[in-house]
Each structure stands twice: as C-alpha cells, then as structure tokens.
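# Breakdown of the fold
Chain by chain, the residues:
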Amino acid sequence: MTARIKTPIVIILSILAIVSAILYFGITIPLGFMDARLETAAGRLLDREVTIEEPPRLTISLHPALTFGKTSIANPRGWQEDSHFVTAEKGKCKVDLLSLLKGSIRIQELALQGVDLHLVTRADHETNFRSFGAGPTSDAGTSRTEFAGLDHVSLRDIRASYADELSGKKYILIVDNARGRGLPGHPLMLSAEGTFSGLAYSLEIIGGPLNDLIQGEEPWPLKDGKLALTDISLELSGAIGRNVEQGVGFVDLALSGGNLEALGKTFGLPIPEMGDFSVNARIGLRPGMFHVTQLEVATMSSRLHGDLVFSLHGERPTLAGNITIPTLDPRLLSRLKSGDSTAKNGDDPTKENAGRLPWEMLKFVDVDLHLLVKKVVADPLKVEPLRAVVSLVGGD
C-alpha cells in the first residue's frame, strides 16, 4: 500500500522537477517549420512581402524570449522588386512570464542589431512608408493589455536613410550604439551616439516614466535632453502631451546653443553666423497643421516673440501669425541679408552672395504675417516703433 502511494508521489515530484528545471534554465525551440506561416501572416498584416532568411527561435522559461535572424520587409507593390524597406540582421525580445500571466507585458530585454531602413519620397510624391496595411481592429469589448515597462533596450549598427527625389537630397542617420531603460515608476533614460549625414552626434534624454508617455493621459515631462552635433550643442526640455478627445498634441521645447550655421549646412540652408541662440516655444500638433505659440527667440542682441500657424490644408501651404520684436539689432538684418558671417567695418558684405538665405522658398508658401518692431537700437541710431504686414499669395 505504501509503495502504491509513493509511486505517484515520485512521478509527480519528478514532473514538477523537470518543469521547474525547464522554466529556470529554459528550453529553446527552433521555429524553422513555421517560417512560411510567419511570412504569410506578417505579410498580410503589413501588406508587404516579408522574408525570413534565418529561422527564429523561441526560448521557454520564466523569461520567454524570441530570437530572430536576418529578416526583411519589402517596399510596397509597384516599387522595385529587389529593393527593401527595412532589413534586420538579428534581434531578441525577452518578456517577463509572471507579468504576462497577470495580463500585462513587461519587456525585460529588447536588442536589435544590423537594421537598415530606407525611407523614400519619389518624384511623383509617392512614399514607401505610408502604405502599411492595418491589422484587424479590436472590438470595444476586448480587454486591453497593459504595458508594464521596458527594463533594457540595446541598439547597435542601425542605419536609417531618407531620400527625397523631389529635392534630390538624402539624409542618413547612423546609430552606432544606443541604450535605454524605462522601468515602471522610474524616469525613462536613453542615450545614443553615431553620425547624421556624416556629422558625429551624441544624444541623452531623461524624461518621465515610459508608461505615462504611452498612455498619454497627462503631459509627459521631458526633464533633460542634450544633443551634441559636431560643434553644435542643443538642450531640450518641456512636455509632450495630447488631448485624446480633440486629437491634439503639443510639445514644449527649449533649445539653446551656438554655431547654428553648421546645422544649416547639414540641411543645405546657408545660415549666417549669429553666435549663441535660444528658442522657446509650444508647438501644437493637428492633422496637417502646426500651431507655434509662446515663441521666444534670442540671438545676438535681438529678441523675438510670436504666434504662428503653418497649415498644409488647401492648394498651397500657408504661414500666418503675428511677430513682435521688442529689440532689434541691425547687425542681425545685415547678416541675414548678406550672409557674410565675418562682416566687419570696412568689409563689403555683398561680395559673397552664396550665403544668402533662400528667401525664394517663400514662393511655395502663402504668407500673412503681422510684424511689430518696438525698438531698433544701434549707436547712435534709435528708432521706435515700426509696424509692417507681410503678405505673399501665389508666390507673388
């Protein structure tokens, strides 16, 4: 009788020991037999061809992990067949099993390496990044899975390029190494370094909890952001929020630094040397519209306040608003006009016109600006105040 009782107990304990060992140490299952199904399912979801060259692997443990090899997503139909939208050499995603059983997702590790992303706007205005298929929408009664946090993210050898065939310009962002974490209830931290169109950069961001950013119920604080782009130093702070009912977002920015002309060269804009500058603004976001309020710009001895609206609705983009300049340093106008960043007494600021600001860009925008200059100060000249209305419609 005792032996009969012991046998089932031994079997149960053995099974529990095996299951515990599997959960603790993990067991890896190759998913090569599912390649075709995964390609088909992902292709239908994205409405693009998906190619899995190396079979993914699933590790079953207390911390389940999905590891995948080289995978590519093609461009939309009608684009070159041999071109890809994005390719990834390898990646890994590890989640917490206990959180998953409770109905939430906590990513313990997210690692991507060797990602190559190509964004293109063709001459016919078609893009390869707007036509992703939308997956099936969830019903109103479907329970919502809560995101519980991201313990660690690691990115290596990430390359993203954007080619604009309309302007003939191409920008390339390379992330050599990026690290971040977004633990529940803790500040989101992210750092990255690499190059942007050949210029070395480093980025550091510290903000509110990642959960608050995803849920968007309250403005998310950007506590400290620092960007160093070669010899350009920018600091960012503010808040990111959105009004769910009206579909409105806003961003508060505070930028400061110097050598703005070096940044202009990166984007093909010949901005003259103006020394240190600062920009503070709240940017409201609506579909096809940007509303810039609380705008404050300071450079040299000049100050500017403004309220601007840039709209993409209608046949032509429009720029409208009010600009108030409490103090204007005429040297700023001289440099904007001549583009000679080193103009001094006795120099001819008009001998080099290559640095002129591209005012002809305004021909593509309808402009309605009301300008008020309260004071122009330049020894021994003092003028106050000046009013003007700038109106440009149809490029005239």
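This one's a predicted model, so the numbers in the text were calculated from it and none came from an experiment.

## Brief notes about the overall build of the protein chain
Counting its secondary structure elements, the protein chain contains six helices and 22 strands. The proportion of buried residues among the 396 residues of the protein chain is 30%. Considering only intrachain contacts with a sequence separation of at least 6, the fraction spanning at least 24 residues in the protein chain is 49%. Per element, the accessible surface of the protein chain, about 24,700 Å² overall, is 59% carbon and sulfur.

## Observations concerning the layout of surface pockets
When its volume is computed, the second largest pocket comes out at roughly 360 Å³. Taken together, 17 residues line the second largest pocket, and the ones lying closest to its centre are Val 50, Phe 68, Thr 71, Ser 72 and Ile 73. Elements supplying a minimum of two residues to the lining of the second largest pocket: helix H2 (35-46), strand E2 (50-52), strand E4 (65-68), strand E5 (71-74), strand E6 (84-95) and strand E7 (104-121). Among the residues making up the lining of the second largest pocket, the classes are represented as 14 nonpolar, three polar and no charged.

## Describing H2
Its 12 residues give H2 an end-to-end C-alpha distance of 16 Å, which sits within 8% of 16 Å, the value for a rise of 1.5 Å per residue. Positive backbone phi, approximately 60 degrees, marks Asp 47, located one or two places after H2.

## Focus: the packing of aromatic side chains
Note on aromatic pairs: each is described by the distance of the centres and the angle between the planes. Tallied over the entire structure, the rule returns one aromatic pair. Geometrically, the ring pair formed by Tyr 171 and Phe 196 is stacked, given 6.3 Å between the ring centres and 0 degrees between the ring planes. Highlighted residues: Tyr 171 in strand E9 (residues 169-182) and Phe 196 in strand E10 (residues 188-196), separated in sequence by 25 residues. The same class applies to Tyr 171 as to Phe 196, namely buried. The ring of Phe 85 carries the charged tip of Arg 48 above its face, separated from the ring centre by 4.8 Å. Taking NZ or CZ as reference, Arg 122 lies 4.3 Å from the ring centre of Trp 79, over its face.

## A few points about the pattern of salt bridges
Taken as a whole, this structure holds eight salt bridges when the rule is applied. Across the pair Arg 77 and Asp 47 runs a salt bridge, and its minimum N-O distance is 2.8 Å. Here Arg 77 is found in the loop between E5 and E6, whereas its partner Asp 47 is found in the loop between H2 and E2, with 30 residues between them in sequence. A relative accessible area of 70% means that Arg 77 is categorised as exposed.

## With respect to the environment of Val 367
Along the chain, the position of Val 367 falls in strand E19 (residues 366-373). Separated by 49 residues in sequence, Val 367 and Thr 318 place their C-alpha atoms 5.8 Å apart.

## Things to note about a nonpolar patch on the surface
Taken together, the side chains of Ile 27, Ile 29, Phe 33 and Ile 60 make up a nonpolar region of the molecular surface, amounting to roughly 350 Å² of accessible area. As for its placement among the helices and strands, Ile 29 is situated in strand E1 (residues 27-30). Its relative accessible area of 32% is what places Ile 29 among the partly exposed residues.

## Looking at the environment of Gln 113
Along the chain, Gln 113 turns up in strand E7. Under the relative-accessibility criterion, Gln 113 is labelled partly exposed at 24%. Taking C-alpha positions, Gln 113 is 9.9 Å from Gly 69, a pair spaced 44 residues apart along the chain. Residues in contact with Gln 113, not counting those within four places in the same chain, are Ala 88, Glu 89, Lys 90, Arg 156 and Asp 157.

## What to know about the nonpolar core
Core analysis: the biggest nonpolar cluster contains 17 residues, and Val 86, Val 115, Val 175, Phe 196, Tyr 201 and Leu 229 have the highest contact counts within it. Sorting the residues of this core by element identifies E6, E9, E10 and strand E13 (232-243) as the ones contributing at least two each. Not counting residues up to four positions away in its chain, the partners in contact with Val 115 are Val 86, Thr 87, Ala 88, Asp 157, Ile 158 and Arg 159.

## Structural notes on the environment of Trp 220
With respect to the element layout, Trp 220 can be found in strand E12 (residues 220-229). Along the sequence, Trp 220 and Leu 210 sit 10 residues apart, while their C-alpha atoms lie 8.9 Å from each other. With sequence-adjacent residues up to four places away left out, Trp 220 is seen in contact with Leu 188, Gly 207, Gly 208, Pro 209, Asp 212, Leu 213, Gly 238, Ala 239 and Ile 240. At 2.9 Å, the side chain of Trp 220 and the backbone oxygen of Gly 208 are in polar contact.

## A closer look at the side chain of Thr 67
Here Thr 67 is to be found in strand E4. For Thr 67, a relative accessible area of 16% gives the class buried. Among residues more than four places away in sequence, those in contact with Thr 67 are Pro 56, Arg 57, Gly 91 and Lys 92.

## Observations concerning unusual backbone geometry
Backbone geometry at His 125 places phi at a positive 75 degrees, although glycine is not the residue there. The topology assignment puts His 125 in the loop between E7 and strand E8 (146-164). Residue His 125 is classed as exposed on the basis of its relative accessible area of 58%. Unlike most non-glycine residues, Gln 294 shows phi in positive territory, near 55 degrees. Mapped onto the elements, Gln 294 comes out in strand E16 (residues 289-299).

What counts, and where the lines are drawn
- Residues numbered from 1 in each chain as written.
- Predicted model: local features only at pLDDT ≥ 70, side-chain atom pairs only at ≥ 80, totals over all residues.
- Heavy atoms only, no water.
- Helix = DSSP H or I, 4+ residues; strand = E, 2+ residues; numbered from the N terminus.
- Buried < 20%, exposed > 50% of the residue type's maximum accessible area, 1.4 Å probe, protein only.
- Contact = heavy atoms within 4.5 Å.
- Areas by Shrake-Rupley, 256 points an atom, 1.4 Å probe, with all protein chains shown as cover.
- 1 Å grid on protein atoms, 1.4 Å probe; cavity = no way out; pocket = protein on both sides within 12 Å on 5 of 7 lines; lining within 4 Å.
- Points joined across faces, edges and corners; volume = space filled by probe spheres on them.
- Nonpolar A, V, L, I, M, F, W, Y, C, P; charged D, E, K, R; others polar.
- Expected span 1.5 Å × (residues − 1).
- Phe/Tyr/Trp six-rings, centres within 6.5 Å; stacked < 30°, edge-to-face > 60°.
- Lys NZ or Arg CZ within 6 Å of the ring centre and 35° of its normal.
- Salt bridge = Lys/Arg side-chain N within 4 Å of Asp/Glu carboxyl O.
- Patch = residues over 30% accessible without salt bridge, like charges linked within 9 Å, V, L, I, M, F, W, Y side chains within 5 Å.
- Core = buried A, V, L, I, M, F, W, Y, C linked by side-chain atoms within 4.5 Å.
- Polar contact = N/O pair within 3.5 Å; in protein donor to acceptor, adjacent residues only side chain to side chain.

Shape descriptors only; they carry no functional weight alone.
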